[in-house]
Amino acid sequence: MTGLFQKKTLDKIIAESEGGQVHLKRTLGPVNLVALGIGAIIGAGLFSLTGIAAADHAGPAVVISFVVAAIGCAFAGMCYSEFSTMIPIAGSAYTYAYATMGELLAWIIGWDLVIEYAIGSATVSVSWSSYVTKLLHRFGIDLPNALTHCPWDDQAGLINLPAVFVIVAISCLLMIGISESARVNAIIVVVKLTIVVIVICVGYSYINPQNYVPFIPPNTGPGEFGWSGIMRGAGVIFFAYIGFDAVSTAAQEAKKPQRDMPIGIIGSLVVCTILYILFARVLTGMVPYRTFHNDAAPVGTVISLFPSQTLQTAIYFGIIAGYSSVILVMLLGQSRVFYSMSRDGLLPAVFSYIHPKFQTPYRSNLIVGCFAALLSGFVPISNLSHFTSIGTLLAFVIVCIGIVVMRKTNPDAQRPYRTPLVPLVPILGVLVCFSMMYFLDSMTWLRLGVWLLIGLGIYFFYSRHHSHLRH
């Protein structure tokens with residue numbers, strides 16, 4: 001298997017990426033890439049999981065959790081940059097694994113990416129539902145508890161109907177086709193940054209120093225406060241950094257990828273990490289950290305202290321708009337990965353079938369949307385977020401390992417951007433990311449194991465027999 005899926009596969013992938021008469025223009029400079037990274041990173045993780053990580057795992061020391069997660073992202077980001085300049089086509093980590101470690105590992109990472117995108121979109125939708133419910137309450141509209149919480153939530157209901165609604169609505173839009181202009185994307189980035197800065201600046205005057213005592217609460221069990229809690233908190237809020245790899249996927253459009261890619265990835269991570277630390281510091285300073293237990297809308301909890309009702313309402317609208325765009329990108333990303341896997345024969349052709357009029361993989365969007373809607377309607381946000389984080393961390397671990405393998409198997413391949421200090425940087429990326437995985441709870445690991453076993457069953461009973469490369 002090793003001999004079959006190395007140089008030959010890489011050459012084929014490079015040929016596919018360079019084929020055709022139409023190519024992307026190299027128009028993005030370092031500022032554009034930093035803005036792209038900020039827009040992709042700031043989203044549901046910050047607005048929903050910061051409070052949960054503080055209440056259940058790290059306390060006020062959740063700011064340290066953000067730093068640990070950022071370090072892991074920085075190492076993985078440099079590895080993503082090298083791959084993205086070598087293989088600038090759809091498929092992300094799935095394609096990188098196919099080029100370095102063969103079809104089986106490619107299948108595993110492709111199956112794992114379902115956790116990041118499809119389940120990630122469900123996670124965002126639950127938080128979206130919480131903020132919409134609170135916004136409607138401000139206008140005198142109270143939705144029944146049974147229709148805004150899943151049966152296994154603290155406030156046991158029947159179904160989280162708003163979360164299901166937004167998944168279905170955006171899936172329908174994706175099936176019809178959506179074109180997002182650069183102007184709309186820029187507006188969304190400005191809105192997200194404005195909300196974060198407003199909460200930091202206004203909330204600073206409402207900080208009660210007593211809420212920081214103790215800064216690192218005493219450990220009460222594995223992953224419950226203390227340093228193990230900080231590490232588990234890093235694994236939980238790692239979801240807040242998902243999306244930085246969007247910068248690496250723009251490598252083919254960077255003017256000077258050797259210079260601009262590391263600036264875009266590391267620059268956006270630095271800016272977002274600073275904002276995240278300040279944001280978490282303000283949230284845990286305004287109210288006691290235990291207030292955020294299982295709170296999918298912690299910003300809504302703290303801005304209730306702000307005197308201006310208009311400002312509070314504006315923040316709600318901004319967060320909801322930002323969430324909607326994140327859900328759209330995640331569902332779109334999932335359909336792209338499934339499309340690539342289907343084109344390789346590893347999934348049925350239904351996932352790569354293009355609508356003759358809308359020119360979208362609408363059947364793939366429909367299947368993914370139904371799956372995400374079921375999760376958003378019936379699974380608590382804490383379970384969804386933990387599962388999404390461990391799946392993404394596993395993808396980053398495999399990408400880091402892939403860089404070391406590629407340097408050995410294809411040392412002469414063209415690399416517009418080279419990860420520095422190989423194998424040190426990839427090894428550090430593996431260690432930091434796996435450390436965050438290690439401190440996640442046992443149920444999250446069990447879910448990951450079951451998910452991967454299901455994926456392996458599909459591969460050995462279907463995918464390996466339909467692989468185009470084998471045939």
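Every value quoted in this text rests on a predicted model; they were computed, and no experiment measured them.

Asker: Explain the overall build of the protein chain to me, and be specific about the residues and the numbers.
Answerer: In terms of helices and strands, the protein chain carries 17 helices and zero strands. Expressed as a percentage of its 471 residues, the buried residues of the protein chain come to 57%. Counting contacts in the protein chain only where the partners sit at least 6 residues apart, residues at least 24 apart contribute 81% of the total. Surface exposure of the protein chain reaches about 19200 Å², of which carbon and sulfur atoms provide 68%.

Asker: Give a description of a nonpolar patch on the surface that names residues and reports values.
Answerer: Taken together, the side chains of Leu-421, Leu-424, Ile-427, Leu-428 and Leu-431 present a nonpolar region at the surface, about 460 Å² in accessible area. Secondary-structure assignment places Leu-428 in helix H16 (residues 424-438). Given a relative accessible area of 30%, Leu-428 falls into the partly exposed group.

Asker: Got a sec to walk through unusual backbone geometry? Specific residues and values, please.
Answerer: Between Val-213 and the following residue, Pro-214, the backbone shows a cis peptide bond with an omega angle of -5°. Structurally, Pro-214 can be placed in the loop between helix H8 (182-204) and helix H9 (226-237). Phi at Phe-225 is positive, roughly 70°, even though this residue is not glycine. Along the chain, the position of Phe-225 falls in the loop between H8 and H9.

Asker: With reference to specific residues and values, describe the packing of helix H4 (residues 62-86) against H9.
Answerer: At a closest axis distance of 8 Å, the pairing of H4 and H9 adopts a crossing angle of 60°. Between H4 and H9, the crossing angle belongs to the class labelled oblique. Helix-helix and strand crossings are classified by hand; for H4 and H9 the assignment is right-handed. For the pair H4 and H9, contact is made by Val-62, Ile-64, Ser-65, Phe-66, Val-68 and Ala-69 and by Trp-227, Ile-230, Met-231, Gly-233, Ala-234 and Ile-237, respectively. Grouping the constituent residues of the contact of H4 with H9 by class yields 10 nonpolar, two polar and no charged.

Asker: Account for the pattern of salt bridges, naming residues and giving values.
Answerer: For side chains bearing opposite charge, pairing can occur when the charged atoms are close. What the rule picks out here adds up to two salt bridges. When the shortest N-O distance is used, the salt bridge between Glu-82 and Arg-407 registers 2.8 Å. Taken as a pair, Glu-82 in helix H4 and Arg-407 in helix H15 (residues 381-409) lie far apart in primary sequence, 325 residues in all. Across this residue pair, the class does not change: Glu-82 and Arg-407 are buried. Notably, a salt bridge pairs Glu-82 with Arg-415, separated by 2.8 Å at the nearest N-O pair.

Asker: Explain the packing of helix H5 (residues 93-100) against H15 to me, and be specific about the residues and the numbers.
Answerer: Put simply, H5 and H15 touch, their axes get as near as 9 Å, and they point 35° apart. Crossing angle aside, the handedness with which H5 passes H15 is left-handed. Here Ala-93, Tyr-96, Ala-97, Ala-99 and Thr-100 of H5 lie close against H15, whose contacting residues are Ile-398, Val-399, Gly-402, Val-405 and Met-406. Taken together, the residues of the contact of H5 with H15 break down into eight nonpolar, two polar and no charged.

Asker: I'd like a rundown of the packing of aromatic side chains, residues and numbers included.
Answerer: Taken as a whole and assessed by the stated rule, the structure comprises 20 aromatic pairs. A centroid spacing of 4.5 Å and a plane angle of 15° characterise the contact between Trp-111 and Trp-451, whose relative ring orientation is stacked. With Trp-111 in helix H6 (residues 103-138) and Trp-451 in helix H17 (residues 442-466), this pair connects stretches of sequence that are 340 residues apart. Residue Trp-111 shares its accessibility class with Trp-451, and that shared class is buried. Within the aromatic cluster, the residues linked to one another by ring pairs are Trp-107, Trp-111, Phe-371, Phe-387, Trp-451, Tyr-459 and Phe-460. Arg-281 extends its terminal NZ or CZ atom over the ring of Tyr-212, reaching a point 3.8 Å from the ring centre.

Asker: Go over the side chain of Thr-284, please, and point to the residues and values.
Answerer: Relative to the assigned elements, Thr-284 resides in helix H11 (residues 257-286). Thr-284 gets classed as buried once you look at its relative accessible area, which sits at 1%. At 2.8 Å, the side chain of Thr-284 and the backbone oxygen of Ala-280 are in polar contact. The residues touching Thr-284, leaving out its near neighbours within four places in the chain, are Ala-54, Gly-59, Pro-60, Val-62, Asn-211, Tyr-212 and Tyr-289.

Asker: I'd like a description of the nonpolar core, backed by residues and values.
Answerer: Ranked by size, the top nonpolar core spans 141 residues in total, and within it Phe-47 and Tyr-241 carry the most contacts. Those residues in contact with Tyr-241 that lie beyond four places of it in its chain are Ile-41, Phe-66, Ala-69, Ala-70, Cys-73, Leu-269, Thr-273 and Tyr-276.

Asker: An account of helix H13 (residues 309-343) is needed here, citing residue identities and associated values.
Answerer: For H13, with 35 residues, the first-to-last C-alpha span of 52 Å sits near the 51 Å given by 1.5 Å per residue. After H13 finishes, the residue Gly-345 shows a positive phi value of roughly 90°.

Asker: So what about empty space enclosed by the protein? Which residues, and what values?
Answerer: For the coordinates displayed, the defined rule picks out one cavity of 30 Å³ or more. The calculated volume of the largest cavity comes to roughly 30 Å³. For the largest cavity, the full set of lining residues is Val-126, Cys-150, Asp-153, Asn-160, Ser-376, Val-379, Pro-380 and Ile-381. For the lining of the largest cavity, a count of residues per class yields five nonpolar, two polar and one charged.

Asker: Tell me what's going on with the side chain of Thr-419, and back it up with residues and numbers.
Answerer: You can see Thr-419 is positioned in the loop between H15 and H16. A polar side-chain atom of Thr-419 sits 3.0 Å from the main-chain carbonyl oxygen of Met-78. Sequence-distant contacts of Thr-419, defined by excluding residues within four places in its chain, comprise Met-78, Cys-79, Glu-82, Ile-403, Arg-407 and Val-425.

How each quantity is defined
- Residues numbered from 1 in each chain as written.
- Predicted model: local features only at pLDDT ≥ 70, side-chain atom pairs only at ≥ 80, totals over all residues.
- Heavy atoms only, no water.
- Helix = DSSP H or I, 4+ residues; strand = E, 2+ residues; numbered from the N terminus.
- Buried < 20%, exposed > 50% of the residue type's maximum accessible area, 1.4 Å probe, protein only.
- Contact = heavy atoms within 4.5 Å.
- Areas by Shrake-Rupley, 256 points an atom, 1.4 Å probe, with all protein chains shown as cover.
- Patch = residues over 30% accessible without salt bridge, like charges linked within 9 Å, V, L, I, M, F, W, Y side chains within 5 Å.
- Salt bridge = Lys/Arg side-chain N within 4 Å of Asp/Glu carboxyl O.
- Axes fitted to C-alpha atoms, helices over the stretch in contact; angles between N-to-C directions.
- Parallel < 35°, antiparallel > 145°, perpendicular 65-115°, else oblique.
- Left-handed = near helix turned anticlockwise from the far one by under 90°.
- Nonpolar A, V, L, I, M, F, W, Y, C, P; charged D, E, K, R; others polar.
- Phe/Tyr/Trp six-rings, centres within 6.5 Å; stacked < 30°, edge-to-face > 60°.
- Lys NZ or Arg CZ within 6 Å of the ring centre and 35° of its normal.
- Polar contact = N/O pair within 3.5 Å; in protein donor to acceptor, adjacent residues only side chain to side chain.
- Core = buried A, V, L, I, M, F, W, Y, C linked by side-chain atoms within 4.5 Å.
- Expected span 1.5 Å × (residues − 1).
- 1 Å grid on protein atoms, 1.4 Å probe; cavity = no way out; pocket = protein on both sides within 12 Å on 5 of 7 lines; lining within 4 Å.
- Points joined across faces, edges and corners; volume = space filled by probe spheres on them.

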